[in-house]
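# Observations on the model geometry
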Amino acid sequence: MKQIKFFIHTYGCQMNVADSEMVAGLLIKSGYILTKDIDNADIIIFNSCTVRQHAEDRVIGRITQEGSRKKTKPDLIIGLIGCVAQRCGEELLQKIDCLDFTIGTAQYRLLPKVIENCLKNNCSTSFLQTNHNENYSDIFPYRKKGVNAFVTIMRGCNNFCSYCIVPYVRGRERSRNHLEILKEIEIAGNRGYKDITLLGQNVNSYKDDNIDFPTLLKMASRIDPIRRLRFVTSHPKDLSEKLIDVMASEEKICEHLHLPLQSGSDKILEKMNRGYTAEKYISIIEKLRNTIPDVALTTDVMVGFPGETEKDFIDTYNLMKKFRFDYAFTFKYSPRDGTASANPRVNREQVDEEIRLERLQKLIALQEKITYEKYREQIGKNVEVYVEKISKKNKNDLSGKTRDNKITVFPGEKNLIGKFIKVKIIDATGWTLKGKKQNI
Ligand code: SAH
Ligand code: SF4
């Protein structure tokens, strides 16, 4: 039988990366072969993100572009999965000629069958039914060779932040069974992935019977082959003191927290339905920095939310200046159909595109300066680097991450890949630390 090869291109967040690994695991189990080379593929799958309009436009543009391959390869199958498929898969299937199937976030189990049908009948189909219980717990993901692994601990979201499409396209929040999670972490660790990131839209609300998130983290950190544990994303409204204490007491939990701020204005936070105030956020950061002095902090911030005045923006700007995050993902508000803030009643308060862009640029400039200074503060320190690969920029350098998630390069031999190495930081650019291997 001819070996049928599939290629997956992933857009969006780490959850999508993890979903692509799960889908790859499912297809490999069904006899398909994963290829890294799109030119070789019999099936091209796009795993999509719809969190902002720009992300959606990019994947649609790419599908149309890759569709031209069908002129010389008429049997090629092209499919769309993920959040864009869930949002408007039926419509896209009608609109985009080269698309053979669209499958929503809760229907990935159907993929092998759908592909088999496409191969036989050349028909186009879409499966978009929601299923708020589906957590794919029994499907083992296929991970490419490396040292870091994502482990999904929960799916969906119940928070309904007023700008956010995620609860609509990923369904209600459900937590995976903790024993299955722990087993998956152990298997990953035994296969050489010793830096594990636990994933969920709001990991702080993880709950499996009496196991809450800090308890799960504690249990995970006792798994022998694992050396480092991280998690995203934390929601400030649910981040408990218990979590901070577990982070401080468990050696394997890395000194890094990604904690989306979104806005520094209480008025905007309320309109966003975030469930916390700037004051509450400040108190979390203070507690964190008092308990774990070297903790690295990263965040997500959005500008131009409907109703955001210059004063609201300045509140955000000033908080960013005060907190000095190690890194921040900055976004321009993008209205998503069906969400509360895209409602025409709220939309009357829309901030002009020009102002949104101007505010975004101001925040980016501020954060770039802070990140640069923060990275330079690392010079002279001795850090532990988990070596991932040969650096793309210089083949004599190795590249890896510190415990606090900073990319670090240093001269070294290939045989150090997969090892934990003590490195002295000697230089820093905005995003990368440069170091020298220490002999102890
Ligand atoms: N569950 C996570 C992340 C969700 S999406 C959380 O709660 O933080 C990642 C980031 O995208 C969000 O933190 C937010 O800053 C941004 N985002 C989400 N919806 C957006 C929208 N409609 N416009 C612009 N940015 C958005
Ligand atoms: Fe979206 Fe808010 Fe849920 Fe994050 S917590 S996924 S921003 S609704």
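Residues numbered from 1 in each chain as written. Chains lettered and ligands numbered in written order. Predicted model: local features only at pLDDT ≥ 70, side-chain atom pairs only at ≥ 80, totals over all residues. Heavy atoms only, no water.

### Looking at the domain arrangement of the protein chain
Taken domain by domain, the protein chain holds domain 1 (5-127), domain 2 (148-376) and domain 3 (382-437). For domain 2 and domain 3, the distance between their C-alpha centres works out to 26 Å. Domain 2 puts 22 residues into the contact, and the matching count from domain 3 is 18 residues. Buried surface at the junction of domain 2 and domain 3, summed over both partners, amounts to about 1,700 Å²; 48% is from carbon and sulfur atoms. The largest share of the area that domain 2 buries against domain 3 comes from Arg227, Arg228 and Tyr375, three residues that together contribute 40% of it. (Domains from an automatic or database assignment. Contact = heavy atoms within 4.5 Å. Buried area = accessible area lost by both parts, 1.4 Å probe.)

### So, helix H13 (residues 353-376)
Here H13 spans 34 Å end to end across 24 residues, near enough to the 34 Å set by a 1.5 Å rise per residue. Along H13, the residues that are buried comprise Arg356, Arg359, Leu360, Leu363, Leu366, Gln367, Ile370, Thr371, Lys374 and Tyr375. Close packing links the buried residues of H13 with helix H10 (278-291), strand E15 (296-303), helix H11 (310-323), strand E16 (327-332), strand E20 (420-428) and strand E21 (432-437). (Helix = DSSP H or I, 4+ residues; strand = E, 2+ residues; numbered from the N terminus. Expected span 1.5 Å × (residues − 1). Buried < 20%, exposed > 50% of the residue type's maximum accessible area, 1.4 Å probe, protein only.)

### Some words on the packing of helix H7 (residues 213-220) against helix H8 (residues 241-249)
Where H7 meets H8, the axes come as close as 9 Å, and the angle between the chain directions of the two elements is 15 degrees. What the angle tells us is that H7 and H8 run roughly parallel. The interaxial crossing formed by H7 with H8 has left-handed handedness. Every residue of H8 that contacts H7 at Phe213, Pro214, Thr215, Leu217 and Lys218 is listed here: Lys242, Leu243 and Val246. The residue inventory of the contact of H7 with H8, partitioned by class, reads 5 nonpolar, 1 polar and 2 charged. (Axes fitted to C-alpha atoms, helices over the stretch in contact; angles between N-to-C directions. Parallel < 35°, antiparallel > 145°, perpendicular 65-115°, else oblique. Left-handed = near helix turned anticlockwise from the far one by under 90°. Nonpolar A, V, L, I, M, F, W, Y, C, P; charged D, E, K, R; others polar.)

### Structural notes on the site of ligand 2
As a matter of local geometry, ligand 2 sits amid Cys157, Asn159, Phe160, Cys161, Tyr163, Cys164, Val166, Pro167, Gln201, His235 and Arg274. For the shell around ligand 2, the class distribution of residues is 7 nonpolar, 3 polar and 1 charged. (Near = heavy atom within 4 Å.)

### Considerations on the nonpolar core
Ile196, Leu198, Phe213 and Phe231 are the most contacted members of the largest nonpolar core, which totals 54 residues. The greatest single-element share of this core, amounting to 6 residues, is contributed by H10. In this structure, Phe213 is in contact with Ile153, Leu198, Val203, Asn204, Tyr206, Phe231 and Leu243, ignoring residues within four places of it in sequence. With 22 residues, the next largest nonpolar core counts Ile45, Ile77, Ile81 and Tyr108 among its residues. (Core = buried A, V, L, I, M, F, W, Y, C linked by side-chain atoms within 4.5 Å.)

### Things to note about the packing of H11 against H13
Packing of H11 against H13 leaves a shortest axis separation of 10 Å and a crossing angle of 10 degrees. The angle between the axes of H11 and H13 places the two elements in the roughly parallel class. Where H11 abuts H13, its residues Glu310, Phe313, Thr316, Tyr317, Met320 and Lys321 lie against Arg359, Lys362, Leu363, Leu366, Gln367 and Ile370. A per-class count over the contact of H11 with H13 returns 6 nonpolar, 2 polar and 4 charged.

### Some thoughts on the sheet that holds strand E3 (residues 43-48)
The parallel open sheet is built from 6 strands, whose spatial order is E2-E1-E3-E4-E5-E6. The open sheet terminates on both sides in strands that have one partner only, identified here as strand E2 (33-34) and strand E6 (125-127). Of the strand pairs in this sheet, strand E1 (residues 5-10) and E2 are connected by 2 bridges, and their pairing is parallel. Within the sheet, the bridge partner assigned to Lys5 lies in E2 and is Ile33. Against the sheet, helix H1 (residues 14-29) makes contact with E1, E2, E3 and strand E4 (77-82), and its axis sits at roughly 170 degrees relative to E1, the strand it touches most. Running at roughly 175 degrees to strand E5 (residues 101-103), helix H4 (residues 111-121) makes contact with E3, E4, E5 and E6 of the sheet. (Pairing = 2+ DSSP bridges.)

### Looking at a negative patch on the surface
There is a patch of like negative charges on the surface, built from Asp266, Glu270, Glu279 and Glu286. Broken down by secondary-structure element, the contributors of at least two residues to the negative patch are helix H9 (266-271) and H10. Its location among the elements puts Glu279 in helix H10. For Glu279, a relative accessible area of 56% corresponds to the exposed category. (Patch = residues over 30% accessible without salt bridge, like charges linked within 9 Å, V, L, I, M, F, W, Y side chains within 5 Å. Areas by Shrake-Rupley, 256 points an atom, 1.4 Å probe, with all protein chains shown as cover. Salt bridge = Lys/Arg side-chain N within 4 Å of Asp/Glu carboxyl O. Lys, Arg positive; Asp, Glu negative; His and termini not counted. Charge placed at Lys NZ, Arg CZ, Asp CG, Glu CD.)

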